[in-house]
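Now for the letters of each chain:
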Amino acid sequence: MGAMAIGPVFNYALGSLSALIVDEYGITEGQYGFILAAVYISAGVTATFLGVLADKLTPRFQIALIFSGIVVAFLVSAMWQSFVVLLAAALIAGVAQSFSNPATNRLIAQRTSFTQRGRWMGWKQSGVQMGLLISGLTFPFLGAAFGWQTSALIGAAACVPALVIAWLIITKVERDIAARPLPPAPAKPAAPGREKLPTAVWLFSLVAFLNAVGTQGVTVYSSLFAVRALDFSLTVAGMIIGVIGVFGILSRIGWGRVAGRMAQPSVLIQIMSLGGVIGLLFLIAAEMFQQGWLMWVGILFHATLPLAANVIINSGTVAAAPAAKVGAASGLVATGMYLGFGAGPLIVGQLVDLTGSFTAGWIAVAVTYVASVVVAIILSRLQKRSK
């Protein structure tokens, strides 16, 4: 959970202070979207390669890379009030968090049985929303009081004890395992190193991309949407990120339990994607009729349905991948997810710049959810035939 939470804290901090960043740095909404896109494009470009490494490197080393990389990203962003410096920090943060899914998926695949994986995956993936919650509850107040640069220094300082704690915990776990090895999980036998990844893994990567375009397009711009379209204050708008975090944690844990009892996750992916479309309709209506409560309903749909899809996608990936290639498969799926995370803010931001409204961006995001439903249907038919 810690490894999953710390990775996106940097981008969620930027997201919760989006209106402040736009004003303080004198950039447009589209340029702000490009910074967030840079985080995920960087992660997406490196995730497949790092996923292969995740099958070879020790967990302790990988955890250290994730935590220390985010510390460096915060420090770099605080060096100078410049769009270019923020962009450089975003690239560093992307590389650091690209390790998160491959490293943690491999641990779960090695140390849990098939029936336990859904529950463990739900808790693990809820770490992302824990990072979202922490960012949403702290950075709006820090930003309002000190601005971004001081807030970034505080963020870096807070990550250091988290790194120390994570290092001590995983060191103790590794020693316990060495002293008393756990019995092997009832998984498929290790496949030869040259075995190709199954088609289902590639489809999970495509679903991850489409889902990520939608979820990150909404999450990143939710705070700015509240300020620009509905006249919310900066503090209240920033706390939307915290609300998404709370319901995201609950939904990922809950859906993880459901996923553990289902052999085919594609039906859940379809339901979650359709829920995302409904949530976007509420956001469009909120701007059209200037009703804040409609936005909150849309945010709840977003946090409880499509935002939880990563639990299902990762559980399905671990189940579909050969045991010896869980890290590589997770890296491929993470690549799709991070590229989607990059595309979402970029698409929404550019459409806001072009139209002066968020409606076109929300419609574009809804289209990706519909495409996700189509791919999930194809995945369902493929897995039925393979049985």
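Calculation criteria
- Residues numbered from 1 in each chain as written.
- Predicted model: local features only at pLDDT ≥ 70, side-chain atom pairs only at ≥ 80, totals over all residues.
- Heavy atoms only, no water.
- UniProt positions renumbered as here; feature names shortened; annotations may be inferred.
- Axes fitted to C-alpha atoms, helices over the stretch in contact; angles between N-to-C directions.
- Helix = DSSP H or I, 4+ residues; strand = E, 2+ residues; numbered from the N terminus.
- Parallel < 35°, antiparallel > 145°, perpendicular 65-115°, else oblique.
- Left-handed = near helix turned anticlockwise from the far one by under 90°.
- Contact = heavy atoms within 4.5 Å.
- Nonpolar A, V, L, I, M, F, W, Y, C, P; charged D, E, K, R; others polar.
- Phe/Tyr/Trp six-rings, centres within 6.5 Å; stacked < 30°, edge-to-face > 60°.
- Buried < 20%, exposed > 50% of the residue type's maximum accessible area, 1.4 Å probe, protein only.
- Patch = residues over 30% accessible without salt bridge, like charges linked within 9 Å, V, L, I, M, F, W, Y side chains within 5 Å.
- Areas by Shrake-Rupley, 256 points an atom, 1.4 Å probe, with all protein chains shown as cover.
- Salt bridge = Lys/Arg side-chain N within 4 Å of Asp/Glu carboxyl O.
- Polar contact = N/O pair within 3.5 Å; in protein donor to acceptor, adjacent residues only side chain to side chain.
- Expected span 1.5 Å × (residues − 1).

By the naming in an unreviewed UniProt entry, the chain is Nitrate/nitrite transporter, taken from Kocuria atrinae. Quoted straight from UniProt, the Subcellular location (unreviewed entry) entry for the chain says "Cell membrane".

What follows is about the packing of helix α12 (residues 266-289) against helix α13 (residues 292-304). Packed helices, taken two at a time, are described by the angle between their axes plus the distance between the axes. Between α12 and α13, the shortest axis-to-axis distance is 8 Å and the interhelical angle comes to 165°. As the angle between them shows, α12 and α13 are arranged roughly antiparallel. Both α12 and α13 take part in a crossing whose hand is left-handed. Contact with α12, carried on its side by G275, I278, G279, F282, L283, A285 and A286, involves L294, M295, V297, G298, I299 and F301 of α13 and no other residues of that element. Considering only residue class, the contact of α12 with α13 consists of 10 nonpolar, 3 polar and no charged.

All chains considered together, the criterion is met by 15 aromatic pairs. Considering the side-chain rings of Y40 and Y338, the 6.5 Å spacing of their centres and the 10° angle between planes classify their relative orientation as stacked. Taken together, the positions of Y40 in helix α4 (residues 29-54) and Y338 in helix α15 (residues 326-355) put the pair 298 residues apart, joining distant regions of the chain. The burial state of Y40 is the same as that of Y338; both residues are buried. Taking 6.4 Å as the distance between ring centres and 35° as the angle between the ring planes, the aromatic pair formed by F74 and W148 counts as tilted. Note that F74 is positioned in helix α5 (residues 59-77) and W148 in helix α9 (residues 148-179), a separation of 74 residues in sequence. An aromatic cluster of three or more residues is present, and its members are Y32, Y221, F225, F358 and W362.

On to a nonpolar patch on the surface, then. A contiguous nonpolar surface patch, about 370 Å² in accessible area, is contributed by V160, V164, W167 and L168. Its place among the elements puts L168 in helix α9. Note on L168: relative accessible area 55%, which makes it exposed.

What follows concerns the side chain of S222. One can find S222 in helix α10 (residues 199-230). Here S222 falls in the buried class, since its relative accessible area comes to 3%. Separated by 3.0 Å, the side chain of S222 and the backbone oxygen of T219 make a polar contact. In this structure, S222 is in contact with I240, I241, I244 and I299, ignoring residues within four places of it in sequence.

The subject of this paragraph is the pattern of salt bridges. Tallying each qualifying case throughout the model produces 1 salt bridge. Ionic pairing is found between D23 and R228, a salt bridge with its closest N-O pair at 3.6 Å. Here the residue D23 occupies a position in helix α3 (residues 18-25), and R228 occupies one in helix α10, the gap between them amounting to 205 residues. With a relative accessible area of 54%, D23 lands in the exposed category. R228 gets classed as partly exposed once you look at its relative accessible area, which sits at 35%.

Here α13 contains 13 residues, and its C-alpha end-to-end distance of 19 Å stays within 8% of the 18 Å for a straight helix at 1.5 Å per residue. All buried positions along α13 are accounted for by L294, M295, G298, I299, H302 and A303.

Further remarks concern the environment of G15. Counting through the fold element by element, G15 comes out in helix α2 (residues 9-16). A relative accessible area of 3% means that G15 is categorised as buried. A C-alpha to C-alpha distance of 8.2 Å links G15 and L224, two positions 209 residues apart in sequence. Other than its neighbours up to four places away in sequence, G15 contacts Y32, V220, S223 and I241.

Before going further, it helps to examine unusual backbone geometry. Excluding glycine, a negative phi dihedral is what most residues carry, and trans is how most peptide bonds are arranged. One non-glycine residue, D231, lies in positive phi territory at about 60°. With respect to the secondary-structure elements, D231 resides in the loop between α10 and α11 (234-259). Relative accessible area serves as the criterion here: at 65%, D231 is assigned to the exposed category. The phi dihedral of Q290 is positive, around 55°, even though this residue is not glycine.

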